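If you want the building blocks of each chain, they are given just below.
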Amino acid sequence: MASRGKRFLDSLNDGRSVWVDNDRVNDLPTHPAFSGTLNTISQLFDLLDDVKIRDQVGYSVDGSDKYAHSSFLVPYSAEDLAKRSHAFSYWAKETNGVMSRLSDYARSLVTGWYGSRKQLGKLDSKLESKITAYYEEARDNDLFLTTSLLDPQIDRSKGLDDQRIAERYLHVVKETKEGIVLSGAKMIATGAPYTNDFLIFSFNKLDTRHSKHAHALIVPAGSKGLHIVCRDSFAEADVQNYPLSARYDEMDAVLLFDEVLVPWERVLINGDADAVWKLRSHVPSNTLAFHQTVVRFVAKLEFVTGVTFAVADAIGVDGFLHVQEKLGELITQIDTMKALVIAAEVQAKLDPVSGMWLPEASYIDTARSIGTKLYPRAIEILQQIGGGGFVQTPARISQFDGPLSDLLNRYFEGVSINAENKVRLFKLAWDLIGSPLGSRHELYERFYAGDPVRSFANQYLSSDKSALVDPIWKLLRQSR
Ligand SMILES: Cc1cc2nc3c(=O)[nH]c(=O)nc-3n(C[C@H](O)[C@H](O)[C@H](O)COP(=O)(O)OP(=O)(O)OC[C@H]3O[C@@H](n4cnc5c(N)ncnc54)[C@H](O)[C@@H]3O)c2cc1C
């Protein structure tokens, strides 16, 4: 039997409509925009077939010899939660924290739904059986999943009462015996071109009047009428000059639905805005998914910090006090995020309703919110420490084998690092701070968890205010 990675790549050959520029992509694994990234993902999938590694990233399903990725493991104990965390960390470290949407996030949502299927089943009579069937299908077939929750940025000052908006946001056009037919657009879906299925629902709470826009769906990427419109590719073929862009460009895309039929078994909720909101804001499933995002983020901070330390060392600036202060700040970033992950896992509790063992959500929310500030700051520090060094590199590493090789070796060397290795290091750093991929990552960390302004505000709104304010009034009463 073909390896999991190969099976995943083969599964993408389903007639999907993926657009890069004006070209419809015929063969994703060989297309320059996707080949490096898909190679990385298929290698990650193959880890589950490696008997020496599979327990690090997966678990045996019901004690059988069938292994599934641990994002599908429903946590009923601290050990289960630790196993999930370890798997997230393993994949994240394999990709230097740079790949964020390896499907373990979206799979965790499905796992959370499955773990809570009895409670969620109250939202719709067929929901429990649909969730169960889909969870098993996704787990047993290693399905790659991603989410697409936002609506197109047409006019954010207007809502669905505006006809232009209502027609363009994803909505039901008709219902048939087979399922519902939808038109409209969704944005942004990272990993869209090579996902197996999309999880689609509204990120924002809808008014009950807007039933045509109220749905929760699992949409196969190969659905007829679904067009996946990619942004410009940041993938580079040249791994020496772009070590990250050559491996890790997770493509973002907008989804255009042109009368797409979604079969009933994939329609989790239809027409019920309250039920959609209950699923969307379901704390146990969100907590399992958000847990993955912060574990992954630790790996990314460690990677940026490692690059920054190496740059400081390479050019002999690590002895300066202000540089040490900044390098120390990066360590505080890592420790802050790690501490929040540890706190969330140590203070995990049994959810009395679902029976799942869930990380403490408040620490995860905090990690997600401050992560939006930490990452841009980490990148700023890297820029401050490398100075103009990032643009003082010859265009290609291969120039070290060219006519100027002797001179390049002489003038590009560092403290105790030869010229070629120093240039390689600075090119790696440039791929973090200056390449299109690097810029996209800064944007990603600012926004992937939703609008950071509203995320911080929500933390305030959902906080236990009296626990903080009551002692103030107590002190003032005692001070009369
Ligand atoms: C690289 C990248 C990858 C992503 N990948 C995914 C993915 O895989 N799946 C997915 O579902 N989503 C993904 N997202 C989308 C992400 O969830 C959104 O970008 C985020 O929720 C912000 O929404 P928006 O981009 O529509 O910005 P907007 O909501 O349009 O915000 C733009 C600005 O206007 C302000 N604003 C807008 N509306 C309001 C309001 N009502 N009240 C106050 N301020 C407002 C915001 O504060 C912000 O400053 C991705 C985003 C990025 C950048």
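Residues numbered from 1 in each chain as written. Predicted model: local features only at pLDDT ≥ 70, side-chain atom pairs only at ≥ 80, totals over all residues. Heavy atoms only, no water.

Draft legend 1. Highlighting the site of the ligand. The environment of the ligand is formed by 20 residues, the closest being Q153, R156, I188, T190 and D451. In the environment of the ligand, a nitrogen atom lies 2.9 Å from a nitrogen or oxygen atom belonging to the backbone of T147. A distance of 2.6 Å separates an oxygen atom of the ligand from a polar atom in the side chain of R156. Here the ligand, which alone exposes 960 Å², has 74% of that area covered by the protein. Contributions of two or more residues to the shell around the ligand are made by strand 5 (145–148), strand 7 (179–190) and helix 15 (436–447). A per-class count over the shell around the ligand returns nine nonpolar, five polar and six charged. The two domains that each donate at least three residues to the shell around the ligand are domain 2 (145–270) and domain 3 (283–466). (Near = heavy atom within 4 Å. Polar contact = N/O pair within 3.5 Å; in protein donor to acceptor, adjacent residues only side chain to side chain. Areas by Shrake-Rupley, 256 points an atom, 1.4 Å probe, with all protein chains shown as cover. Helix = DSSP H or I, 4+ residues; strand = E, 2+ residues; numbered from the N terminus. Nonpolar A, V, L, I, M, F, W, Y, C, P; charged D, E, K, R; others polar. Domains from an automatic or database assignment.)

Draft legend 2. Local environment of the layout of surface pockets. Considered as a void within the structure, the second largest pocket measures approximately 320 Å³ in volume. Taken together, 22 residues line the second largest pocket, and the ones lying closest to its centre are S11, N141, D142, L143 and N196. Secondary structure elements with two or more residues in the lining of the second largest pocket: helix 1 (4–11), strand 4 (67–69) and helix 7 (127–140). Looking at the lining of the second largest pocket, the element that brings in the most residues is helix 1, giving four residues. Looking at the lining of the second largest pocket residue by residue, the class counts come to eight nonpolar, four polar and 10 charged. No fewer than three residues from each of domain 1 (4–140) and domain 2 (145–270) sit in the lining of the second largest pocket. (1 Å grid on protein atoms, 1.4 Å probe; cavity = no way out; pocket = protein on both sides within 12 Å on 5 of 7 lines; lining within 4 Å. Points joined across faces, edges and corners; volume = space filled by probe spheres on them.)

Draft legend 3. View of the sheet that holds strand 1 (residues 17–20). Read from one edge of the open sheet, six strands run 2-1-10-11-7-6, paired in mixed fashion. The sheet terminates laterally at strand 2 (23–24) and strand 6 (171–175), the two strands that pair on one side only. Judged from the four bridges that link them, strand 6 and strand 7 form a sheet pairing that is antiparallel. Looking at strand 7, one finds that V172 is bridged to L182. (Pairing = 2+ DSSP bridges.)

Draft legend 4. Up close: unusual backbone geometry. At D21, a position not held by glycine, the phi torsion is positive, near 60 degrees. Within the secondary structure, D21 sits in the loop between strand 1 and strand 2. With relative accessibility at 67%, the residue D21 sits in the exposed group. (Buried < 20%, exposed > 50% of the residue type's maximum accessible area, 1.4 Å probe, protein only.)

Draft legend 5. Here's a closer look at empty space enclosed by the protein. Tallied over the entire structure, the rule returns two cavities of 30 Å³ or more. Put simply, the largest cavity is a space of about 70 Å³. For the largest cavity, the full set of lining residues is D151, L160, Y169, L170, K186, S202, L206, H213 and H215. Looking at the lining of the largest cavity, its residues break down into four nonpolar, three polar and two charged. Residue lining of the second largest cavity: V294, F297, M337, A367, R368, G371, T372, E445 and Y448, and that is the complete set. Of all the secondary structure elements, the ones that give two or more residues to the lining of the second largest cavity are helix 10 (283–314) and helix 12 (361–386). If you tally residues by element for the lining of the second largest cavity, the top one is helix 12, at four residues.

Draft legend 6. Structural view of the domain arrangement of the chain. Per the domain assignment, the segments of the chain are domain 1 (4–140), domain 2 (145–270) and domain 3 (283–466). A separation of 29 Å is found between the C-alpha centroids of domain 2 and domain 3. Across the contact, 15 residues belong to domain 2 and 16 residues belong to domain 3. For the pair domain 2 and domain 3, the summed buried surface comes to about 1300 Å²; carbon and sulfur atoms form 56% of the total. Summed over the shared surface of domain 2 and domain 3, the number is two salt bridges. The partner of R440 in a salt bridge is D252, with the nearest N and O atoms 2.7 Å apart. Where domain 2 touches domain 3, the interface holds five residue pairs in polar contact (both at pLDDT 80 or more). Each residue belonging to the side of domain 2 that touches domain 3 can be placed in one class, and the counts come to six nonpolar, four polar and five charged. (Contact = heavy atoms within 4.5 Å. Buried area = accessible area lost by both parts, 1.4 Å probe. Salt bridge = Lys/Arg side-chain N within 4 Å of Asp/Glu carboxyl O.)

Draft legend 7. Broad picture of the packing of aromatic side chains. This structure, assessed with the given rule, holds 13 aromatic pairs. With a centroid separation of 6.5 Å and an interplanar angle of 70 degrees, the aromatic rings of F34 and Y194 are classed as edge-to-face. On the criterion of sequence distance, the pair formed by F34 in the loop between strand 2 and helix 2 (35–46) and Y194 in the loop between strand 7 and strand 8 (197–201) is long-range, its members being 160 residues apart. The class for F34 is buried, based on a relative accessible area of 0%. The buried category is assigned to Y194, whose relative accessible area is 0%. Look at F45 and F144: their rings are 6.5 Å apart centre to centre, the planes differ by 20 degrees, and that puts the pair in the stacked class. (Phe/Tyr/Trp six-rings, centres within 6.5 Å; stacked < 30°, edge-to-face > 60°.)

Draft legend 8. How the structure looks around the UniProt feature "domain: HpaB/PvcC/4-BUDH C-terminal" (unreviewed entry) in the chain. UniProt tags residues 286–474 as "domain: HpaB/PvcC/4-BUDH C-terminal" (unreviewed entry). Overall, residues 286–474 shows 71% helix and 2% strand. The separation of its end C-alpha atoms is 37 Å. (UniProt positions renumbered as here; feature names shortened; annotations may be inferred.)

Draft legend 9. Broad picture of the pattern of salt bridges. The full count for this structure, using the stated rule, is 29 salt bridges. Measuring nitrogen to oxygen at the nearest pair gives 2.9 Å for the salt bridge that ties D161 to R209. Placement of D161 in the loop between strand 5 and helix 8 (163–168) and of R209 in the loop between strand 8 and strand 9 (215–220) is noted, with a sequence separation of 48 residues between them. Side by side, D161 and R209 carry an identical accessibility label, which is exposed.

Draft legend 10. Region of interest: the side chain of S369. Tracing the chain through its elements places S369 in helix 12. Excluding anything up to four places from it in sequence, S369 contacts S455, F456 and Q459.

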